[in-house]
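Coordinates in review
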Amino acid sequence: MSVVAIPTLGVDAGSREVKLAVSDGREVVFKASMDTIKFYIELKSDGADLDINKLNALGHAPKYERLVSTGYGRNNVKIEGGVSIPEIDAHVSGALFQTGLTDFTLVDLGGQDTKVVSVKGGMVDDFVMNDKCAAGSGRYLENIAHALDVSLSRLGDCHDDPAPLSNMCATFGESEVIELVSEGVEVEKILAGANRSVVLRLLPMVVKFRPKVIVATGGVAKNRAIREMLAEETGVTVIVPGDPQLNGAIGCCLS
């Protein structure tokens, strides 16, 4: 794949975090993330645009000559001085660069949505998305972890003997968790059940493309239990690139 020959800032404006990456034309030289609210407050200018140049002035990113953005927020708040690209294109570009693979099924597990993309010969062949609600997303898992007062790291270690959870709603799933706790179900089993629920919701989208290898990106890709469950259910290898959560921003700065 060709790499842009001028310093380029990639911005993935997610629902929870804004991810940043800068390419010097040969490699990615800078990677960072900011809280989404902080990003909007610090960069807000008059009108509806964001003054993206403040990123450099505030020390959030090195100098760049070109800006490419994507993500949940790119349509809600215009980022002045750059171009935007579809999320699918950004995430595929990032996965191609990070893995060196050209044929795979990309599973991007974000805070508010899930994207599954069939990539053949380095190109998008087909894709499906779940972007209508946060069920089965990072937000759902965060809420479950918060309800049980455990870290996301501990959640990601819970794989065995999952308790059945039927309510996948990111908002109301906590009620089911509270009921299970009151019945004496072990916390580890409930956490494993939350992980398995995400995988079961994801599975129909993945098997649609009959994957031979899966590349998992997004913050949820850091969850070891979900990676292992997904590999077990599909029978294929699940690869996680070095910076799964920054994949979209990396794809932007290389586009």
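Below is a summary of the structure that appears in this document.

Criteria and thresholds
- Residues numbered from 1 in each chain as written.
- Predicted model: local features only at pLDDT ≥ 70, side-chain atom pairs only at ≥ 80, totals over all residues.
- Heavy atoms only, no water.
- Helix = DSSP H or I, 4+ residues; strand = E, 2+ residues; numbered from the N terminus.
- Buried < 20%, exposed > 50% of the residue type's maximum accessible area, 1.4 Å probe, protein only.
- Contact = heavy atoms within 4.5 Å.
- Areas by Shrake-Rupley, 256 points an atom, 1.4 Å probe, with all protein chains shown as cover.
- 1 Å grid on protein atoms, 1.4 Å probe; cavity = no way out; pocket = protein on both sides within 12 Å on 5 of 7 lines; lining within 4 Å.
- Points joined across faces, edges and corners; volume = space filled by probe spheres on them.
- Polar contact = N/O pair within 3.5 Å; in protein donor to acceptor, adjacent residues only side chain to side chain.
- Pairing = 2+ DSSP bridges.
- Axes fitted to C-alpha atoms, helices over the stretch in contact; angles between N-to-C directions.
- Core = buried A, V, L, I, M, F, W, Y, C linked by side-chain atoms within 4.5 Å.

Helix and strand counts for the chain stand at nine helices and ten strands. Residues counted as buried form 51% of the 255 residues belonging to the chain. Of the contacts made within the chain by residues no fewer than 6 positions apart, 63% connect residues no fewer than 24 positions apart. Surface summary for the chain: the accessible area is close to 11700 Å², and the carbon and sulfur share equals 49%.

Our next topic: the layout of surface pockets. For the largest pocket, the calculated volume is near 640 Å³. Looking at the largest pocket, it is lined by 31 residues, and the ones nearest its centre are Gly111, Gly218, Gly219, Val220 and Gln245. Listed by contribution, the elements that provide at least two residues to the lining of the largest pocket are strand S2 (17–23), helix H3 (87–99), strand S6 (104–109), helix H4 (138–147) and helix H5 (152–155).

Structurally, Lys115 can be placed in strand S7 (residues 114–120). For Lys115, the side chain forms a polar contact with the side chain of Glu87, separated by 3.3 Å. With sequence-adjacent residues up to four places away left out, Lys115 is seen in contact with Glu87, Ile88, His91, Leu106, Val107, Asp108, Val128 and Met129.

As a further point, take the sheet that holds S6. Taken together, five strands build an open sheet; the order of strands is S8-S7-S6-S9-S10 and the sheet is mixed. The open sheet is flanked by strand S8 (123–130) and strand S10 (237–239), the only strands paired with a single partner. Across the sheet, the mean angle from the axis of one strand to that of its neighbour is 20 degrees, orientation sign disregarded. Alignment of S7 against S8, held across seven bridges, turns out to be antiparallel. Paired with Val116 across the strands is Val128, a residue of S8. Most of the contacts of H3 go to S7, to which it runs at about 60 degrees, and overall it touches S6, S7, S8, strand S9 (213–217) and S10.

Moving on, we come to the pairing of strand S3 (residues 28–35). Here S2 runs beside S3; their pairing, made up of seven bridges, is antiparallel. Residue pairing across strands places Leu20 opposite Ala32, the latter belonging to S3. In sequence, S2 turns back onto S3 through a hairpin of four residues, with Gly25 there showing a positive phi of about 105 degrees.

Attention now moves to the environment of Ala5. Note on placement: Ala5 falls in the segment before strand S1 (8–13). Accessibility expressed as a relative area gives 68% for Ala5, which makes it exposed. Residues in contact with Ala5, not counting those within four places in the same chain, are Asp24 and Gly25.

Proteins that are soluble and globular tend to have nonpolar side chains buried together. Core analysis: the biggest nonpolar cluster contains 35 residues, and Val116, Leu141, Leu202 and Leu230 have the highest contact counts within it. Mapped onto this core, the elements with two or more residues apiece are S6, H4, helix H6 (173–182), helix H7 (187–207), S9 and helix H8 (224–234). Examining the composition of this core, we find that ten residues originate from one element, H7, more than from any other. In this structure Val116 touches Thr105, Leu106, Val107, Asp126, Phe127, Val128, Leu202, Met205, Val206 and Phe209, once residues within four positions along its chain are discounted. Core analysis: the second largest hydrophobic core is formed by 13 residues, Leu9, Val11, Leu20 and Leu43 among them.

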